[in-house]
Amino acid sequence: MEKIDSIGIVGGGPAALFVVKHLISENIYPNTLYIFEKGTRLGAGMPYSREGADVEHVANVSANELPELPENFSSFIKRKPYPNHPDFSDYHNINEYKVIPRLILGDYLEEQFKLLLKSAGKMGVHVKIHTETTVTDIRKKGDFFEIITDKNEIYDCSATIICTGHHWPKKNEGSINGWYDSPYPPSKFSGPTNYPIAIRGTSLTAVDAIKTLARLNGKFSEKDDETVYTLNEESNNFSLTLFSKRGYLPALRFHSEGSAFSEGWIMSQEEIYDYKKNSGGFVDLDYVFERNFKQPLRKKNEKFYNEIKDLSIEDFVKKMLSIREELDSFELFKAEYYEAQKSIERHQTIAWKETLSAFSYAINYPAKHFSAEDMLRMRKTLLPLISVIIASLPQSSYKEIIALYNKGLISLVSVSDDSSVEPNDEGIVYHYTDSHTGDQKSEHYKMYIDAIGQQPVNFNDIPFKSLREEGFISSGYLKFKDSHIGQVQFEEDSRKILRMDDENYYLRVDGLNINDYFQALDYYGKATENLFIMSVPFIAGLNPDYSGLDFCDTAGKRVAISLKPDVIADKVVS
C-alpha cells in the first residue's frame, strides 16, 4: 500500500479524536486530513456536549480511567479551571478517582483534539475542518471516495473513516404530543411537568432523563450527609415510572484496581486465527469465557473462582441474577451502594464485577468469529448481566435516585415482552403485563420517554445511499455451526436467518459486516479497501458491547495500523 494522500473522517467526536491520535502515533501523515462534523465542536461528540448533557450529567469514568492523550486531565484543569465547580476549580485538589461532569469532559476532549491536530499540522498535514456540515453520501470512485455534504460540496479522499457516533432517530417525537424518542438533547425539556411520566428502560440513558426531569420539578439538597429532594409547589403531581423488561437498576461504580482495557489482554488476531483452524472455523464462546473471565478472576479472587469454576455460562448468569430477581430493585440498589462504598473506602475491588467488565470489553474482538449459535447464547444469557454491571453508575446519581424513591416519586415496573405503547389524543397508553403479579394493565401518561439506550442501526437505515446500493457495505452475518439448528431457526423466523442451501444457514445481525481492522466488507465479503466503520450503532451486531472512550482508543489504533504502508488489512477477512 502506498502512502495515503488524503483521509476523510466523517464525524468529529471522540472516535475521530482517537483515530487522529493513532494516525500520529503510527507516523501516518496524509497530505490532507478532512474532518466533517455536523455540530459546532470537535472532540466532545453527543455525550459530552449540550447535545447529550447538561450541568447535572456526569460521566461514568474518572480521570484515572481516561485513555492516554496529549495532556492529562489535571494539567488541563491547571490551564482551564472551573471556578464554579468546587471539585474542578483547583488542580491541586483534584481527586482523579472522582467522576467528571460530562460537559467538563467534553471541554477536555475538545482541547486534546486541538493539540493533536496542531501536532499533525507541524508534520505537514493540511487539516481541513468542516463543522456544521453533514455528510449526506459517500461514493467510491476507483481508488478514492467522494464525500458529499449537505452544502452540495464534494471532497475526494483516498481513505474514509466513518465516526458518526450516537444515532437518535425521531420516529414519533414531534408528531405525537408528549412522546419523546430519546431524552436528548436535554434542553428540549424546559419546564415543570405536573403529572406522572413514563420512562422506558433503566439504562444510563434513563438516568439522564431522571436527573433532568427531577430538576425541572424540584431541587436536591444535602441534609445530614444525605441527599434529599423537595418538590416545587407547582409540581405536586410529578412522578416517574420506569418500565423495564428485566426490572434491573444499573450497578454502581466501585474501586477498580487498574484498567484491564488493553490490546495485550484481549485475544490477538494470530490467536484468533490459530484457534479457528483447530475448531471448525469458529471461536467458541465457552473458550473466551474461560480465557477472559474465569482465569483472570482466579488471579483476583480464588475463593470466588472456586465457587463458579465448574458453572456453565448459563448457570453463572443464573447465579448472579438470582438475587436481583428475588429482592426489590430499590432495596438491592441500596445494598449494592453500601457494597460499592466499602470497596471505594477500602480501595478493594469487587473482583467478579471488575473482571466481567473487562471481559465485556475483550469479547468484542473474537465476537465476529463466533458461530451464530454462540452469538445467540451470548445475547440471551451474558449481555443482560453485562449491561447491568458495566453501567458503573456514579454514586451521586444513585443518591439522587434514592432521594426520589424516599419521597415516593419514582417506581420501577418489571414488564413482560409483550408490553407496548399506544399514542392517544392526550399522551400515551402503556399496555403491559406485570412480570411479578401477572396482571394485565393499561395506564395513561401525558409524557413518555424512550430511554432504553443506543439501538443498532440496520443496513437499510445507514445514511450513505451509494455505499449501500453499490454493495461496498453489507449486512452482518454469522454462520450456524450446526445446520440443523440453523434450519430450526429459519423455520421459526426466516427474516433473521439466511438460507444458502440445506447445509448452510446464517444469522443476520444488526448493522454492517466488518473485519478485525474495522474495514467495511462488501456484498461478497471482501474488504472495501480504505473504508472503515467506527460508528458504534452501525456495527453493533458484530461488536456486542463497547466501552466508550476505551473502545474508541482500541478501534482507532486498529484503523491506523491498517493504513500503514505494507499492511494488508484485508488478510483478516473471515
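One structure accompanies this document, and this report is about it. Bear in mind the structure is a predicted one, so any value in this text is a computation, not a measurement. (Residues numbered from 1 in each chain as written. Predicted model: local features only at pLDDT ≥ 70, side-chain atom pairs only at ≥ 80, totals over all residues. Heavy atoms only, no water.)

Here the focus is the overall build of the protein chain. For the protein chain, the helix and strand inventory stands at 17 helices and 24 strands. Taking 574 residues into account, the globule formula puts the C-alpha radius of gyration at 25 Å, and the protein chain, at 24 Å, falls close to it. Each of the three principal axes of the protein chain carries a C-alpha extent, and together these read 65 × 60 × 55 Å. A burial count over the protein chain gives 55% of its 574 residues as buried. In the protein chain, of all internal contacts separated by at least 6 residues, the share reaching a separation of at least 24 is 73%. Carbon and sulfur atoms provide 46% of the accessible area of the protein chain, an area that totals close to 26,100 Å². In the protein chain, the 66 positive side-chain charges and the 84 negative ones have mean positions that sit 3 Å from each other. (Helix = DSSP H or I, 4+ residues; strand = E, 2+ residues; numbered from the N terminus. Rg over C-alpha atoms; globule rule 2.2 N^0.38 Å. Buried < 20%, exposed > 50% of the residue type's maximum accessible area, 1.4 Å probe, protein only. Contact = heavy atoms within 4.5 Å. Areas by Shrake-Rupley, 256 points an atom, 1.4 Å probe, with all protein chains shown as cover. Lys, Arg positive; Asp, Glu negative; His and termini not counted. Charge placed at Lys NZ, Arg CZ, Asp CG, Glu CD.)

What follows deals with the environment of Met375. Note that Met375 resides in helix H12 (residues 372–389). Counting along the chain gives 134 residues from Met375 to Val509, while the straight-line C-alpha distance between them is 9.1 Å.

Time to look at the sheet that holds strand S21 (residues 497–501). Taken in spatial order, the three strands line up as S20-S22-S21 in an open sheet, and their pairing is antiparallel. Each having just a single partner strand, strand S20 (475–479) and S21 make up the two edges of the open sheet. For this sheet the average axis-to-axis angle between neighbouring strands, irrespective of direction, equals 35°. With four bridges connecting them, S21 and strand S22 (residues 504–512) associate as antiparallel partners. Following the sheet pairing, Arg499 is matched in S22 by Tyr505. (Pairing = 2+ DSSP bridges. Axes fitted to C-alpha atoms, helices over the stretch in contact; angles between N-to-C directions.)

Attention shifts here to the nonpolar core. Counting 158 residues, the largest nonpolar core has Ile9, Phe73, Ile161, Ile199, Phe316, Trp352 and Leu563 as its most contacted members. Of all hydrophobic cores here, the second largest spans eleven residues; its members include Trp179, Ile428, Tyr432 and Tyr445. (Core = buried A, V, L, I, M, F, W, Y, C linked by side-chain atoms within 4.5 Å.)

Quick look at the pairing of strand S11 (residues 196–200) now. When S11 meets strand S14 (residues 239–244), the two strands line up parallel, connected through five bridges. For Ile199, the partnering residue across the bridge sits in S14 and is Leu242. Examined bridge by bridge, S11 and strand S19 (residues 447–450) share four bridges and lie parallel to one another. Directly across from Ile197, in S19, lies its bridge partner Met447.

This brings us to helix H1 (residues 14–25). Its twelve residues place the ends of H1 16 Å apart at the C-alpha level, agreeing with the 16 Å of an ideal helix rising 1.5 Å per residue. Burial runs high along H1: eleven of the twelve residues are buried. Those residues of H1 hidden inside the fold are in contact with strand S1 (6–10), strand S2 (32–36), helix H3 (102–122), strand S9 (159–162) and helix H17 (548–562). Positioned one or two residues after H1, Asn27 has a phi angle of 60°, which is positive. (Expected span 1.5 Å × (residues − 1).)

Moving on to the side chain of Asp284. Here Asp284 lies in the loop between helix H5 (269–277) and helix H6 (285–300). A polar contact is formed between the side chain of Asp284 and the side chain of Lys481, at a distance of 3.0 Å. Ignoring sequence-local partners within four residues, the contact set of Asp284 consists of Tyr275, Ser279, Phe370, Asp374 and Lys481. (Polar contact = N/O pair within 3.5 Å; in protein donor to acceptor, adjacent residues only side chain to side chain.)

Our next topic: unusual backbone geometry. Look at the link from Tyr184 to Pro185: it is a cis peptide, with omega at -10°. Position of Pro185 relative to the elements: it lies in the loop between strand S10 (179–180) and S11. Non-glycine residue His347 carries a positive phi angle of around 55°. Structurally, the position occupied by His347 is in the loop between helix H9 (329–346) and helix H10 (351–362). One non-glycine residue with positive phi stands out, namely Ser392, at about 50°. With respect to the helices, strands and loops of the structure, Ser392 is situated in the loop between H12 and helix H13 (395–406). Given the relative accessible area of 18%, Ser392 is considered buried.

Successive side chains on a regular strand alternate, one facing one side of the sheet and the next facing the other. With respect to burial, strand S3 (residues 58–62) is a largely interior element, four of its five residues being buried. Relative to strand S4 (residues 99–101), S3 runs antiparallel, the two sharing two bridges. The residue of S4 that forms the bridge with Ser62 is Val99.

Bringing the pattern of salt bridges into the picture now. For the structure on display, the rule yields 31 salt bridges. With a shortest N-O distance of 3.8 Å, Glu173 and Lys170 are connected by a salt bridge. With a closest N to O distance of 3.0 Å, Asp284 and Lys481 form a salt bridge. Of this pair, Asp284 sits in the loop between H5 and H6 while Lys481 sits in the loop between S20 and helix H15 (483–492), and the two are 197 residues apart along the sequence. One salt-bridge network, held together by shared partners, links Glu71, Arg79, Lys80, Glu111 and Lys114. (Salt bridge = Lys/Arg side-chain N within 4 Å of Asp/Glu carboxyl O.)

So, on to the environment of Thr40. The residue Thr40 is located in the loop between S2 and S3 in this model. Placed 90 residues apart in sequence, Thr40 and His130 show a C-alpha to C-alpha distance of 9.1 Å. Excluding residues within four positions of it along the chain, Thr40 makes contact with Thr131 and Glu132.

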